[in-house]
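One-letter residues, chain by chain:
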Amino acid sequence: MPTPARTQPHRTDPAPYARPGGFPVVGVVGGGQLARMMQPAALALGLRLRVLAEGPDVAAAQVITPAPLGAADDLEALVAFASECDAVTFDHEHVPGPGLRAMAEVTSVQPGADALVHAQDKIVMREKLSSLGVPCPAWARVADRGAVERFAATAGWPVVLKTPRGGYDGKGVLVLDGPDDAKWSTAQQWLADWAGRGGLLAEEHVPFTRELAALVARSPSGQAAAWPVVETVQRDGVCHEVTAPAPDLSDDLAGRLTDIALRIAGGLDVTGVLAVEVFEVDRDGVRDVVVNELAMRPHNSGHWSIDGSVTSQFENHLRAVLDLPLGSTQPRAPWTVMVNVLGPKAIEARHEDLYRSYLHVMAHDPGVKVHLYGKEQRPGRKLGHVTVYGDDLETVRARARHAAAFIAGEIDE
């Protein structure tokens, strides 16, 4: 098998840091939990990881040093950071295009600006996916109330309005049930705010049976790998539970969804992990899928892979960024369930010391894997996740749910 081409940094001068054995340094822009979870994978690969952090106490800065401070839109900080790395990747998609291109002048940036824009701008994404023949909801760009109502006349009510940029975990999404919906006041404000920036994205409200996600990794030389398609469950717009593989999913539909994800990865020239979130729909008794969102980075739907597959999404993301051969995505067990630990809404339900609840879970069920992110507790915030894998789905699911609920303070025994 031929050795894939290696991605080389653009700079010619050696960076001012130690590189034992010549192993490269990878920089991550953004200091959230995704960057934090890349650290164990980097250590296993013999790589050195650096992070450009938003603050000194963010999740990744607690475990990765050095962690220089810099905002995602600070051009000077981005370039200075990139100049000390052999390759740069991301914890989020919020680095503006000029910053991405400026970093690419001094080192390898993966994924690049031309790919990443499809995860940054939902209208750009819809235009590209439609051109690739990927199944999408009916959609339109809308600039005023009249345009929204004309779209509804074709697609029907409800209508889903989305801000093209900046939305995540349910933010930047508004569902209008009809022309008399009280939420029109908010919609009018959004339309006014985006009037000079190309308008909003309007989509049909898809009557789905459940949500699925396909996760793939792709390297610059074109090698690709795919994990099993998973089922995701949302709570208040935030991913709460993931089951791998998706139960009761036919091989044909799983294969179709994986093919769609690989087609998108190739068509958009993605490097690293790509998550394709979809709605499963029932059309006259025939199951099919409609693509909802994309993410070009490790994704919540793939956290199960840290413990549940031979190679995690974080390791394969780093391998892809450096154009190393990708690792096996084979599951370790028939079933893996990941449940997020979300900050409880009720203050009185919160554990004052998460460490103590963590110890209780470890003692109660030694087979549970617990990953906490070092974050301050807030209602609905992702504080960590737990993973359980095994042979019986219902047992695995019950154990994972119990562990996550106890750590979050939702149960007391």
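See the structure shown above.
Some thoughts on the overall build of the chain
The number of helices and strands found in the chain is 12 helices and 17 strands. Relative to a compact globule of 413 residues, whose C-alpha radius of gyration would be 22 Å, the chain shows 21 Å and is just as compact. Across its three principal axes, the chain shows a C-alpha extent of roughly 65 × 55 × 45 Å. Across the 413 residues in the chain, those meeting the buried criterion constitute 54%. A separation threshold of at least 6 residues defines the contact pool for the chain, and within that pool the share at least 24 residues apart is 64%. Counting every atom, the chain has about 17,700 Å² of accessible surface; 51% of that belongs to carbon and sulfur. Across the chain, the 39 positively charged side chains and the 52 negatively charged ones have centroids separated by 3 Å.

Section: the packing of helix H4 (residues 113-120) against helix H5 (residues 122-131)
Contact geometry of H4 with H5 gives a least axis separation of 6 Å together with a crossing angle of 110 degrees. Between H4 and H5, the angle falls in the class roughly perpendicular. Taking contact as the criterion, the partners of Val117, His118 and Gln120 in H4 are, on H5, Lys122, Val124, Met125 and Lys128. Class assignment for the residues of the contact of H4 with H5 results in 3 nonpolar, 2 polar and 2 charged.

Here's the deal with the nonpolar core
Formed by 43 residues in total, the largest nonpolar core has its most connected members in Val29, Phe90, Met103, Ile264, Leu274 and Leu294. A per-element tally of this core places helix H8 (residues 251-267) first, with 7 residues. Those residues in contact with isoleucine 264 that sit more than four places away from it in its chain are Leu129, Leu132, Val134, Val270, Leu274, Val276 and Leu294.

Digging into the pairing of strand S12 (residues 238-244)
Within S12, 7 of the 7 residues are buried, which leaves it mostly tucked inside the rest of the structure. With 5 bridges connecting them, strand S11 (residues 230-235) and S12 associate as antiparallel partners. When the bridges of S12 are listed, glutamate 231 appears paired with threonine 243. Here S11 folds back onto S12, and the loop between the two strands holds 2 residues, one of which, aspartate 236, carries a positive phi near 55 degrees. Direction of pairing for S12 relative to strand S15 (residues 335-342): antiparallel, over a ladder of 4 bridges. Among the inter-strand pairings, alanine 244 is bridged to a residue of S15, identified as threonine 336.

Thoughts on the sheet that holds strand S7 (residues 173-176)
Spatially, S5-S8-S6-S7 is the arrangement adopted by the 4 strands of the open sheet, whose pairing is antiparallel. A single partner strand is all that each edge strand has here, and the edge strands are strand S5 (139-142) and S7. Adjacent strand axes in the sheet meet at a mean angle of 25 degrees, parallel and antiparallel pairs treated alike. Relative to S7, strand S6 (residues 159-162) runs antiparallel, the two sharing 4 bridges. Paired with valine 160 across the strands is valine 175, a residue of S7. In the packing of H5 onto the sheet, contacts are made with S5, S6 and strand S8 (200-204), and the angle to S5 comes to roughly 140 degrees. Across the face of the sheet, helix H7 (residues 184-193) comes into contact with S5, S6, S7 and S8 while running at roughly 130 degrees to S7.

Overview of the pairing of S6
Residues Val159 and Leu161 point to one face of S6 and Val160 and Lys162 to the other, with burial holding for every one of them. Pairing analysis gives 4 bridges linking S6 to S8, with the strands arranged antiparallel. Following the sheet pairing, lysine 162 is matched in S8 by leucine 201.

Focus on the packing of aromatic side chains
Summed over the entire model, instances satisfying the criterion amount to 3 aromatic pairs. A ring pair is formed by tryptophan 157 and tryptophan 184, whose centres lie 6.5 Å apart and whose planes are at 75 degrees; its orientation type is edge-to-face. With tryptophan 157 in the loop between helix H6 (145-155) and S6 and tryptophan 184 in helix H7, this pair connects stretches of sequence that are 27 residues apart. Take tryptophan 157: its relative accessible area is 32%, and that puts it in the partly exposed class. For tryptophan 184, a relative accessible area of 4% puts it in the buried group. Note that arginine 145 overlies the ring of tryptophan 184, its terminal NZ or CZ placed 4.0 Å from the centroid. Positioned above the aromatic ring of tryptophan 194, the side-chain terminus of arginine 197 is 3.9 Å from the ring centre.

The rules we used
- Within every chain, residues take consecutive numbers counted from 1 along the sequence as written.
- Side-chain atom pairs in this predicted model are given and counted only at pLDDT of 80 or more, local residue features only at pLDDT of at least 70, and totals for whole chains, interfaces and linings cover all residues.
- Where side-chain values are given, they derive from all heavy atoms of the structure, hydrogens and water being excluded.
- By definition, any uninterrupted DSSP run of H or I lasting at least four residues is a helix, any uninterrupted run of E lasting at least two residues is a strand, and each is numbered from the N terminus.
- Taken over C-alpha atoms, the radius of gyration is set against a globule rule of 2.2 Å times the number of residues to the power 0.38.
- Working definition: with a 1.4 Å probe on protein chains only, accessible area under 20% of the residue-type maximum means buried, over 50% means exposed, and in between means partly exposed.
- Residue contacts are defined here by distance: any two heavy atoms, one from each residue, within 4.5 Å place the two residues in contact.
- Exposure was quantified through the Shrake-Rupley algorithm and a 1.4 Å probe, taking into account, for residues, occlusion by the shown protein chains and nothing else.
- For the purpose of counting charges, residues Lys and Arg are taken to be positive, whereas Asp and Glu are taken to be negative. His and the chain ends are not included.
- Lysine's charge is taken at NZ, arginine's at CZ, aspartate's at CG and glutamate's at CD.
- Orientation is described by lines fitted to C-alpha atoms, with helices fitted over the stretch in contact, and by angles between N-to-C directions that extend from 0 to 180 degrees.
- Throughout this description, any angle smaller than 35 degrees is read as roughly parallel, any larger than 145 degrees as roughly antiparallel, any in the 65 to 115 degree range as roughly perpendicular, and the remainder as oblique.
- Residues are grouped as follows: nonpolar covers Ala, Val, Leu, Ile, Met, Phe, Trp, Tyr, Cys and Pro; charged covers Asp, Glu, Lys and Arg; every other residue, Gly included, is treated as polar.
- Buried Ala, Val, Leu, Ile, Met, Phe, Trp, Tyr and Cys residues that are joined via side-chain atoms within 4.5 Å together make up what is termed a nonpolar core.
- A pair of strands is considered paired only if DSSP assigns at least 2 bridges between the two.
- The rule is short: rings of Phe, Tyr and Trp, with Trp giving its six-membered ring, pair when the centres are within 6.5 Å, and they are stacked under 30 degrees, edge-to-face over 60, tilted in between.
- Geometrically, a charge over a ring is one whose NZ (Lys) or CZ (Arg) sits within 6 Å of the ring centre while staying within 35 degrees of the ring normal.

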